[in-house]
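One-letter residues, chain by chain:
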Amino acid sequence: MQGRVTVTEGALASLLALAAHEVPGVVGMAPAGLKDQVVRILGRQEASEGVVVRQDPAGPGKYAVDFYVVVAVDTRIPTVVESLAERVAFVAKKLAGVELSQVRVHVVGVGRG
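Okay, so let's go over this structure. Bear in mind that the values here come from a model prediction, so they are computed numbers and not experimental data. (Residues numbered from 1 in each chain as written. Predicted model: local features only at pLDDT ≥ 70, side-chain atom pairs only at ≥ 80, totals over all residues. Heavy atoms only, no water.)

1. Some words on the overall build of the protein chain
Step number 1: Assigned secondary structure in the protein chain consists of three helices and four strands.
Step number 2: Secondary structure elements of the protein chain, listed N to C terminal, follow the sequence α-β-α-β-β-α-β.
Step number 3: When burial is assessed residue by residue, the protein chain has 36% of its 113 residues classed as buried.
Step number 4: Sequence-distant contacts in the protein chain: of pairs separated by 6 or more residues, those separated by 24 or more amount to 66%. (Helix = DSSP H or I, 4+ residues; strand = E, 2+ residues; numbered from the N terminus. Buried < 20%, exposed > 50% of the residue type's maximum accessible area, 1.4 Å probe, protein only. Contact = heavy atoms within 4.5 Å.)

Below you can see the structure in the form of structure tokens.
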């Protein structure tokens, strides 16, 4: 049986957010925009909080991803950022079958984990 699997941007964002939480040094995710802030104020938290996924117009079938993260106080930020980018690129390819053309990590805070 032949078929095609399509992963929505929302599902990909949730998957990548869960992968980001597995990276040592990542304490949590921060609201990526107004929508995430309103959801947090209303007392709900979505798995995809802190992740913005967009299709890359330059690369068909590829996605650009932005992460808004809080890192642990006692970590080397460049090391955490590099580990996060590698981890999510691996997860996107292996579990969702998509390639990431760009991974941008925005460290928006430092906290205790």
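2. Considering helix 3 (residues 77–96)
Step number 1: Taking 1.5 Å of rise per residue, 20 residues should cover 28 Å, and helix 3 covers 27 Å from first to last C-alpha, within 8% of that figure.
Step number 2: For helix 3, every residue scored as buried is listed here: Val-80, Leu-84, Val-88, Val-91, Ala-92 and Ala-96. Across the axial projection of helix 3, the buried residues extend over an arc of 100°, all falling on one side. Exposed and oriented more than 90 degrees from the buried face of helix 3 are Pro-78, Glu-86 and Lys-94.
Step number 3: With its phi angle positive at about 75°, Gly-97 sits one or two positions after the end of helix 3. (Expected span 1.5 Å × (residues − 1). Arc of directions from axis to C-beta.)

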